[in-house]
Amino acid sequence: MTTTVLVTGGAGFIGSHTCVELLTHGWEVVVVDNHSNSSPAALERIEKTAGRPLAAAYDVDVRDREALGKVFAAHPVDAVIHFAAKKAVGESTQKPFDYYDTNVGGTTALLSVMHQHGVHRLVFSSSCSVYGDAVKVPLTETDPVAPTNPYATTKLRCEEILTDICRHEPRLRVLALRYFNPVGAHPGGLLGEDPRGVPDNVMPYVAQVAVGRLDRLRVFGDDYPTPDGTGVRDYIHVMDVAEGHRVALGHLDDAPGMRVFNLGTGVGTSVRELVAAFAEASGRDVPYEITGRRPGDVAALVADPTAVAGAWGWRTSRDLADMCRDAWRFQDLNPAGYPD
Ligand code: NAD
Ligand code: WQD
């Protein structure tokens, strides 16, 4: 029976929500995060939201094998969820070395330390971006992968490394989850998405327009081959992503080796539909203007979520209205994000 989980990147957007989900279901949770893209304030909010303390939280870089080794030595870790990574697509084209170093180097360092400490269960954060410019939607896990930027390539390289190591280390059990577009927030209002600077992603941008921090959304193109011309994505509530990780932990021992699953809803939503849903949920205007396409964007990315449903008997349960309502609650209660 797995009881202690080490969560890398546990103070980040998806990690913090997953920590709450695990704590409220009785797991002991150890966080490792260097806070390069998160506030330590998130840790207190995890505990307050869950009503239970974390077992421990370490300000450690996952590439620091010595420090990471001490964490493994101090706790009876049964499984690891590896969220820690750099995730900005645009930045990855400017700083590819940093992306390979953190995302690929961080993963191999973690794997070595896990191996040294006899830990063989891992849930790995992958991304729908590995599919690149999808030729058809919805996407199944066997569809071709063709990443179009260094960020996405690092995720695919990690999947390949994990697959190869699993071939030669039969004790290893890995689930790589390709998330589509995680959005929303914990309904308690204390935890949410708090990007540094101007948000790259549409949902936090829309939330900051609704709260008055930004004046209008720029919609990147309305000439895509989609029903209303704007980009279509599979938005998934971050609490469904968190729940998916908890369920995944219970399925690590189903089979040895590496398995890959999509984590999405199967529902595509256009930018226009998202803006309308957010305005409805918040009761605020969300002014927008149509601008040119963003380089590297694709028309539509939607998951076929049936593989995970078949393997785990689990599906997402929250819809777009839930995502907008919860994202708005966090933004409204925390207009400037987490305290410094
Ligand atoms: P996030 O930036 O909010 O969280 C990542 C956390 O990892 C941050 O707290 C950051 O401080 C930490 N971190 C980064 N580098 C580290 C290092 N070297 N050592 C220790 N900690 C480090 O991102 P997120 O949205 O929560 O994403 C979590 C994971 O999910 C990432 O691997 C990301 O690539 C993947 N993912 C995210 C999305 C998305 O849209 N948010 C989609 C698909 C996949
Ligand atoms: C969604 C839609 C934009 C901002 C990214 C990563 C992907 C994964 C999920 C990590 C698109 C449009 C956006 C804006 C807009 N992350 N948009 N105005 O690009 O689908 O995916 O996050 O793995 O790897 O690439 O998400 O939220 O940036 O964009 O019109 O200001 O919103 O064109 O159609 P994306 P996004």
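Residues numbered from 1 in each chain as written. Chains lettered and ligands numbered in written order. Predicted model: local features only at pLDDT ≥ 70, side-chain atom pairs only at ≥ 80, totals over all residues. Heavy atoms only, no water.

Within the protein chain one finds 11 helices and 14 strands. Against the compact-globule benchmark of 20 Å for 340 residues, the protein chain has a radius of gyration of 19 Å, which places it among compact chains. Projecting the C-alpha coordinates of the protein chain onto the three principal axes gives extents of approximately 55 × 40 × 40 Å. Within the span of the protein chain, comprising 340 residues, buried residues form 57% of the whole. In the protein chain, of all internal contacts separated by at least 6 residues, the share reaching a separation of at least 24 is 81%. Within the structure as shown, the protein chain displays about 14100 Å² of accessible surface, and the carbon and sulfur contribution to it stands at 51%. Taking the average place of the 32 positive charges on the side chains of the protein chain and the average place of its 43 negative ones, the gap between the two points comes to 2 Å. (Helix = DSSP H or I, 4+ residues; strand = E, 2+ residues; numbered from the N terminus. Rg over C-alpha atoms; globule rule 2.2 N^0.38 Å. Buried < 20%, exposed > 50% of the residue type's maximum accessible area, 1.4 Å probe, protein only. Contact = heavy atoms within 4.5 Å. Areas by Shrake-Rupley, 256 points an atom, 1.4 Å probe, with all protein chains shown as cover. Lys, Arg positive; Asp, Glu negative; His and termini not counted. Charge placed at Lys NZ, Arg CZ, Asp CG, Glu CD.)

Sheet strands pair by backbone hydrogen bonding; their relative direction is either parallel or antiparallel. Here we have 3 strands laid out as an open sheet, ordered β12-β9-β14, and mixed in their pairing. Pairing within the sheet leaves two strands with one partner each, and these edge strands are β12 (269-270) and β14 (300-301). Alignment of strand β9 (residues 232-233) against β14, held across 2 bridges, turns out to be parallel. From the neighbouring strand, Arg233 faces β14, where its bridge partner is Leu301. (Pairing = 2+ DSSP bridges.)

It is worth spelling out the side chain of His245 at this point. Relative to the elements of secondary structure, His245 occurs in helix α8 (residues 238-249). By relative accessible area, His245 is classed as buried at 0%. Setting aside its immediate chain neighbours within four residues, His245 contacts Thr18, Ile81, Phe83, Val123, Leu177, Tyr179 and Leu263.

Enumeration according to the criterion identifies 5 aromatic pairs in this entry. Among the aromatic side chains, those forming a connected cluster through ring pairs are Phe261, Trp312 and Trp314. Sitting over the face of the ring of Tyr224, Arg293 holds its NZ or CZ atom 4.0 Å from the ring centroid. (Phe/Tyr/Trp six-rings, centres within 6.5 Å; stacked < 30°, edge-to-face > 60°. Lys NZ or Arg CZ within 6 Å of the ring centre and 35° of its normal.)

This paragraph deals with the pairing of strand β4 (residues 79-82). Because side chains alternate across β4, one face comprises the buried residues Ala79 and Ile81, and the other comprises Val80 and His82, equally buried. By the bridge criterion, 4 bridges tie strand β1 (residues 4-8) to β4 in an arrangement that is parallel. Looking at the pairing, Val5 lines up with Ala79 of β4. Examined bridge by bridge, β4 and strand β5 (residues 121-127) share 3 bridges and lie parallel to one another. Bridge assignment links Ile81 to a residue of β5, and that residue is Val123.

All right, on to the environment of Met114 then. Along the polypeptide, Met114 turns up in helix α5 (residues 96-116). On the accessibility criterion, Met114 (0% relative accessible area) is buried. Counting along the chain gives 133 residues from Met114 to Val247, while the straight-line C-alpha distance between them is 21 Å. With residues up to four places along the chain from it excluded, the contact list for Met114 reads Phe72, Val80, Val119, Arg121 and Leu122.

Glancing now at the site of ligand 2. In the vicinity of ligand 2 lie 19 residues, with Ser127, Tyr151, Arg218, Arg233 and Asp297 positioned nearest. One of the side-chain nitrogen or oxygen atoms of Asn181 is found 3.1 Å away from an oxygen atom of ligand 2. With respect to ligand 2, the side chain of Arg294 contributes an N or O atom lying 2.8 Å from an oxygen atom. Here ligand 2, which alone exposes 680 Å², has 88% of that area covered by the protein. Per-element tally for the shell around ligand 2: the top contributor is strand β8 (residues 217-220), with 4 residues. Its residues assigned to classes, the shell around ligand 2 comprises 9 nonpolar, 5 polar and 5 charged. (Near = heavy atom within 4 Å. Polar contact = N/O pair within 3.5 Å; in protein donor to acceptor, adjacent residues only side chain to side chain. Nonpolar A, V, L, I, M, F, W, Y, C, P; charged D, E, K, R; others polar.)

Counting buried positions over the 5 residues of strand β2 (residues 28-32) gives 4, a clear majority of the element. For the crossover from β1 across helix α1 (residues 13-24) to β2, the handedness is right-handed. Note that β2 and strand β3 (residues 56-58) share 3 bridges and pair parallel. By the bridge assignment, Val31 is partnered in β3 with Ala57. (Right-handed = clockwise from strand over helix to strand, strands pointing away.)

For ligand 1, the set of nearby residues contains 28 residues, the closest of which are Asp33, Asn37, Ser38, Lys87 and Tyr151. A distance of 3.1 Å separates a nitrogen atom of ligand 1 from a polar atom in the backbone of Asn34. In isolation ligand 1 exposes 830 Å². Once the protein is present, 95% of that is buried. The element that contributes the greatest number of residues to the shell around ligand 1 is β5, accounting for 3 residues. Considering only residue class, the shell around ligand 1 consists of 12 nonpolar, 11 polar and 5 charged.

Our focus in this paragraph is the side chain of Asp322. Counting through the fold element by element, Asp322 comes out in helix α11 (residues 320-333). Exposure remark for Asp322: the relative accessible area of 18% places this residue in the buried category. Here Arg325 takes part through its side chain, which lies 3.0 Å from a polar atom of the side chain of Asp322. Excluding residues within four positions of it along the chain, Asp322 makes contact with His237 and Ser317.

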